[in-house]
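Here are the chains, one letter per residue:
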Amino acid sequence: GQVTLRAGAELYARWVNQYSLTLWAVCPGEEEVEEQLFVQVTAKQALRCDTQFTSSEGVVVRVSADVAPRTPLYAVLSQPPSGLTVSGGCPRGAPTLLLMPVSLQFRLRNHDTPLVLTRRGLVLAPDGGFDPSKDTQMFRLEIEVMDHHGNNCSGAVRVEVLPSRRAPVTFLEPQQAVTVPEGTGPLEVVTQVRASGDNVRYAILAPVTPTLFTIDEGEWGSPGPPCPCPRTQHEAVPPPTVLGQVRSTRRLEVSHTHLLVRAYNALHPADHATTTLNITVQGTDRWAPSCTPAIAVRQVPETVSPGTTLVTLRCTDPAGAEGDLRYALEGPAASRSHFSMEGPRLQVNTTLDYDSEATAAVGFQFTATIVVMAGGQPPRSTRVPVLVTVTPVNEFTPECPSGATFTLLDTAPFGSVVGRVAGRDRDIRVVGPLDARQHKSYQLMVRLTDTHNDLDPAEQRSRLCSVAVRLQAVPEQPPVCTPEVQELQVSAGPGGRQPVTRLVCEGSPDGAVLGYTITAGNEDGHFRLEGSNLFYLPNDLAEPRTFVLLVEVWGRTSAPRRSTVVALVVHVTPWSTPVPSSTTTQRTTVQKEPLVVTRTEAVWHPPAWFVAVLTISATLLLTTLGCVARCLLRR
């Protein structure tokens, strides 16, 4: 018989150094024999490598491209049983790094990698870190391990560098212009810069000399003891914003300096950004010219003539050189095109058309600044703000449209819009509302009046225009309301809504439900319709007021919709105003006849005989008075 070691079994003398085996044997025709077999295991120094480490693929380690330079990525550890086994792992702190009971040597067999292998078997990130701008990068290390007896094993570590998900270092403002007064002392804050990113620090690249300014390196926290194991999952972390303060190194004098400031990642210097600071040290303007007025505000009509003087400045130079003063106009292009400076006088350069698009674009107000400059070093100047408001002037009379003719259904309810007449006016557009009577045609005279075109409300222009309206018959009848015109009176007392009236209307014989809506007169929302019931919503009404409401009533919803308009004249009296003792609603029924509106103007036209008698009587009276005066003088 032969005793062999089972496949896959390993013997470790430090665990079990002796095995007791019981063997049974039997031969044909003989009794069974039992014997004991003792196997002793002796320790022997042998070097074994971890199975994954020695595989063809090797150990796979995934890291982020933004890890710091020389960060531990992988460690080759020893966990010796009876022999010496070399395995790999990630030390999660200093105590977990097992030191070798025997000295081991680690040798890198390939040198085409930027990774670093230390004498203790640590795989480190490159000295300059990984390139964060590249895509996924792959590196392979062939490592050989040898003890002092000459036993060795070899394996591979494959490092997969994933693209960084952290935002790069970025300045919030790529360029800044700063003005500080002269005399600023040393280490005073001149300005601040802000950059976002990780481990941000600042440095001034230019100018190297003279060193007028310095910048704080920025606040960045210590990352603490790093874990050599890379993260296998990456999470997007919002980059923090780091503040850098630019300070003066000495007392500043009048100058102009361009600073080139760099913000960089302290762990990845290749990740950086730059910004430009234009720092102007301005002299104290203690001897600037003095001008009257200090602020100019003018209001001019649009018909003001070019060359008109709007503002005349009276400026004096404390240095006593009034003749050396220079005047310039600054501001938007529209202001500089409409106005100009003639010495100390601000004059109109071109016409100011109130109706132009350019004037309307600036809100009919032009702003500018008059700069008064004096000689010397540094140049001294004073600024006078100017505001010019253009007012309208009603210059033109409206023009009637040609051939204004409208067609209207003969069943149009009271208050329906017949049409719109668009009058032409070079100042404005005029729209006049029209009314209709139940006749085949109408010849209406519409007065077109332009308003709000002059600073003086009385300055209005008008023209009479002829408008023709033709009616078209419709067989279907609209709903009938009784009455069609009501005059009502309501006392607005405190509390909730108040009922005003209930409309009585009849529709088609099929009993279709009628619809009601207020079409005019309720712009302020003082009334509400709920079905055919009208309610008044009290408010802070101080004076009596009359409302003319137009309520449209319709039956079928098919097109064209047939409707009737009911006119409601509601007199609302505040509760504190004395009112008549009777609050009974008064209703007036108006027959379906054409509504005629008559306007009476008092004009006196005396007959011809009356004028003749009046003239003769006046002549005789004057003659008599002359004779009496002559007699008195002779006496």
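Residues numbered from 1 in each chain as written. Predicted model: local features only at pLDDT ≥ 70, side-chain atom pairs only at ≥ 80, totals over all residues. Heavy atoms only, no water.

Ranked by internal contacts, the top residues of the largest apolar core, which has 27 residues, are Leu115, Phe130, Ile143 and Val159. Those elements giving two or more residues to this core turn out to be strand S3 (47-49), strand S4 (59-64), strand S5 (72-78), strand S7 (104-108), strand S10 (137-147) and strand S11 (152-162). If near-sequence neighbours (up to four positions away) are discounted, Val159 is found in contact with Val61, Val63, Leu73, Leu115, Gln137, Met138, Phe139 and Leu141. The next biggest cluster of nonpolar side chains, apart from the first, holds 24 residues, and it includes Cys291, Val372, Val384 and Val388. (Core = buried A, V, L, I, M, F, W, Y, C linked by side-chain atoms within 4.5 Å. Buried < 20%, exposed > 50% of the residue type's maximum accessible area, 1.4 Å probe, protein only. Helix = DSSP H or I, 4+ residues; strand = E, 2+ residues; numbered from the N terminus. Contact = heavy atoms within 4.5 Å.)

Before going further, it helps to examine the UniProt feature "transmembrane region" (unreviewed entry) in the protein. Summarizing the sequence annotation, UniProt attributes the feature "transmembrane region" (unreviewed entry) to residues 608-633 in the numbering used throughout. Split by type, residues 608-633 is 100% helix and 0% strand. Its first and last C-alpha atoms lie 38 Å apart. (UniProt positions renumbered as here; feature names shortened; annotations may be inferred.)

The next thing to look at is the environment of Ser154. By the element assignment, Ser154 lies in strand S11. Of the residues examined, Ser154 reaches a relative accessible area of 31% and is grouped as partly exposed. Along the chain, Ser154 and Arg107 lie 47 residues apart, while their C-alpha atoms are 9.3 Å from each other. Once you skip the residues sitting within four places of it in the chain, Ser154 turns out to touch Cys49, Phe53, Thr54, Arg109, Ile143 and Glu144.

Within this structure, the stated rule accounts for six aromatic pairs. Measuring from ring centre to ring centre gives 4.1 Å for Tyr354 and Phe364, while their planes differ by 15°; the resulting arrangement is stacked. Of the two residues, Tyr354 is situated in the loop between strand S26 (345-348) and helix H3 (357-361) and Phe364 in the loop between H3 and strand S27 (365-374); the sequence distance between them amounts to ten residues. The partly exposed category is assigned to Phe364, whose relative accessible area is 24%. When the centroid spacing of 5.1 Å and the interplanar angle of 75° are considered together, the rings of Phe527 and Phe547 count as edge-to-face. Pair noted here: Phe527 is in strand S39 (residues 527-530) and Phe547 is in strand S41 (residues 545-554), with a separation of 20 residues, a long-range link. (Phe/Tyr/Trp six-rings, centres within 6.5 Å; stacked < 30°, edge-to-face > 60°.)

Now for the environment of Ile215. Along the chain, the position of Ile215 falls in strand S16 (residues 213-215). A C-alpha to C-alpha distance of 9.6 Å links Ile215 and Thr191, two positions 24 residues apart in sequence. Residue contacts for Ile215: discarding those within four places in its chain leaves Val193, Tyr202, Ala203, Ile204, Gly244, Gln245, Val246 and Val261.

All right, on to the sheet that holds strand S22 (residues 309-312) then. Spatially, three strands are ordered S22-S26-S25 in an open sheet, and the strand pairing comes out antiparallel. What marks the edges here is a single partner per strand, and that holds for S22 and strand S25 (339-342). Ignoring which end each strand starts from, the neighbouring axes of this sheet average 25° apart. (Pairing = 2+ DSSP bridges. Axes fitted to C-alpha atoms, helices over the stretch in contact; angles between N-to-C directions.)

We now examine the sheet that holds strand S36 (residues 498-502). Strands in a sheet are paired, the pairing made by backbone hydrogen bonds, and the direction either parallel or antiparallel. Read from one edge of the open sheet, three strands run S36-S40-S39, paired in antiparallel fashion. Looking at strand neighbours, the two that pair on one side only are S36 and S39, the edges of this open sheet. Neighbour-to-neighbour, the strand axes of the sheet open up by a mean angle of 30°, direction not taken into account. Judged from the four bridges that link them, S39 and strand S40 (residues 533-536) form a sheet pairing that is antiparallel. The residue of S40 that forms the bridge with Arg528 is Phe535.

For the structure on display, the rule yields nine salt bridges. Close ionic contact of Glu530 with Arg497 constitutes a salt bridge, the shortest N to O distance being 2.2 Å. Linking Glu530 in strand S39 with Arg497 in the loop between strand S35 (485-492) and S36, this pair joins segments that are 33 residues apart in sequence. Looking at Glu530, the relative accessible area reads 33%, which means it is partly exposed. (Salt bridge = Lys/Arg side-chain N within 4 Å of Asp/Glu carboxyl O.)

The next point concerns the pairing of S39. Alternating residues of S39 divide into Phe527 and Leu529, all buried, and Arg528 and Glu530, none buried. What sits between S39 and S40 in their antiparallel hairpin is a turn of two residues, with Gly531 showing a positive phi close to 70°.

Put plainly, a disulfide is one covalent bond tying together the sulfur atoms of two cysteines. Summed over all chains, the structure comprises two disulfides. Two residues, Cys291 and Cys315, share a disulfide whose sulfurs are 2.2 Å apart. What sets the handedness of the Cys291 and Cys315 disulfide is the S-S torsion sign, and at about 115° it is right-handed. In this pair, Cys291 sits in strand S20 (residues 290-292) while Cys315 sits in strand S23 (residues 314-316), placing the two residues 24 residues apart along the sequence. Its relative accessible area of 11% is what places Cys315 among the buried residues. The side chain of Cys481 participates in a disulfide bridge whose partner is Cys505; the two sulfur atoms lie 2.0 Å from each other. Between Cys481 and Cys505, the S-S dihedral sits near 110°, and the bridge is therefore right-handed. With Cys481 in strand S34 (residues 480-481) and Cys505 in strand S37 (residues 505-506), this pair connects stretches of sequence that are 24 residues apart. Side by side, Cys481 and Cys505 carry an identical accessibility label, which is buried. (Disulfide = S-S within 2.5 Å.)

What follows concerns unusual backbone geometry. Residue Ala206 is joined to Pro207 through a cis peptide bond whose omega torsion reads -5°. Topologically, Pro207 is positioned in the loop between strand S15 (200-206) and S16. With an omega dihedral of 0°, the bond running from Thr292 to Pro293 counts as a cis peptide bond. With respect to the helices and strands, the residue Pro293 is situated in the loop between S20 and strand S21 (296-301). Positive phi, normally seen in glycine, also occurs at Leu187, with a value near 60°. The residue Leu187 is located in the loop between strand S13 (175-181) and strand S14 (189-196) in this model. A positive phi is found at Phe364, a non-glycine position, where the angle reads about 60°.

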